[in-house]
Amino acid sequence: MMDCLQEPAFLVGKIDDEMNLSLPPASGEEYIKRVIIEAQQCADVVVANIDSSHFRCPTIDVEPLLGCIEAPSRLGPTLHWQQCQLSDFSNMRLYISQIKDEFQTVKHKYKLKHINLPCVDDEEAWIKFCSGSYEDQKETVPTLGIIFSLNQPMVEQILEYLIEYIEVQKQINHKLGQWLYALLVILEMPLTPDTCSCLRSLARTCSVIRANSKNLEVHEIGALNLFICLVARYFRQLDMADP
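As the structure is a prediction and not an experimental result, all values here were calculated from the model.

### A short note on the state of the cysteines
Counted by the stated rule, this structure contains zero disulfides. No disulfide involves Cys196; its sulfur sits 9.9 Å from the nearest other cysteine sulfur, which is in Cys198. Taking relative accessible area as the criterion, Cys196 reaches 19% and is therefore assigned buried. Take Cys206: it sits in no disulfide, and the sulfur closest to it among the cysteines is that of Cys68, at 8.0 Å. Judged by relative accessible area, which is 0%, Cys206 ranks as buried.

### Overview of the nonpolar core
With 49 residues, the main nonpolar core has Leu162, Leu180, Leu183 and Leu184 as its most contacted residues. Elements that contribute at least two residues to this core include exactly helix 3 (79–110), helix 4 (123–131), helix 5 (144–147), helix 6 (152–169), helix 7 (174–185), helix 8 (193–212) and helix 9 (218–234). Setting aside residues up to four positions removed in sequence, Leu183 forms contacts with Leu150, Val155, Ile158, Leu159 and Leu162.

### Quick look at unusual backbone geometry
Residue Pro190 is reached from Met189 by a cis peptide bond, and omega for that bond is 5°. Mapped onto the secondary structure, Pro190 falls in the loop between helix 7 and helix 8. We note that Lys170 has phi near 60°; this positive angle belongs to a residue other than glycine. Topologically, Lys170 is positioned in the loop between helix 6 and helix 7. Since its relative accessible area comes to 48%, Lys170 is described here as partly exposed.

Rules behind the numbers
- Residues numbered from 1 in each chain as written.
- Predicted model: local features only at pLDDT ≥ 70, side-chain atom pairs only at ≥ 80, totals over all residues.
- Heavy atoms only, no water.
- Disulfide = S-S within 2.5 Å.
- Buried < 20%, exposed > 50% of the residue type's maximum accessible area, 1.4 Å probe, protein only.
- Core = buried A, V, L, I, M, F, W, Y, C linked by side-chain atoms within 4.5 Å.
- Helix = DSSP H or I, 4+ residues; strand = E, 2+ residues; numbered from the N terminus.
- Contact = heavy atoms within 4.5 Å.

Without other data, these values stay purely geometric and don't point to any function.
This is how it looks when you write it as structure tokens:
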């Protein structure tokens, strides 16, 4: 089979190596002979000599996105602790999935009070909503009524808002932590590329806060370790996992 592929497509006869290539070909057969002669004169491998001095130096320094920073001594979680968090998180996702349809039935049957949520495009309003300072609301915890009213595009968008906010603030307060956990519970898989990048930013930011802060409370360390654990081990970004 391979031998037939190596057979010439055209029979051009004997090729005269002394053919005058400066004259135009007199026939199609002579043209093909010229092509064969020129091909034989070409090197099998050609390497270009590039003068790098002609290249401009880059005007923008691009900092590569690294993985998580290793936890300082005695702040990193044990493997057993991480496995327990994964089990609890998985059970919570299963429970929420099971009661979602039942909740929607009850909601329509008893006409539960409608919840006024910010517009999905209003980043500032969602930050305030999840921080408990939206329209004078004293408490905006992620109740079932709220989280079941969010579709997946909204979940992904709100997650992005909160994570970008945390990157700037360099801290996760208790209420934002509640919202992050709730949104991760109802986040559907497989992840979109944008959401995957967003979660990696969350884990990276948590590791930076953990490494740079010297006066963290026990519950703050636990929250940072928890989000790194969930992103790395549940959402399969294993290169960011603590040992």
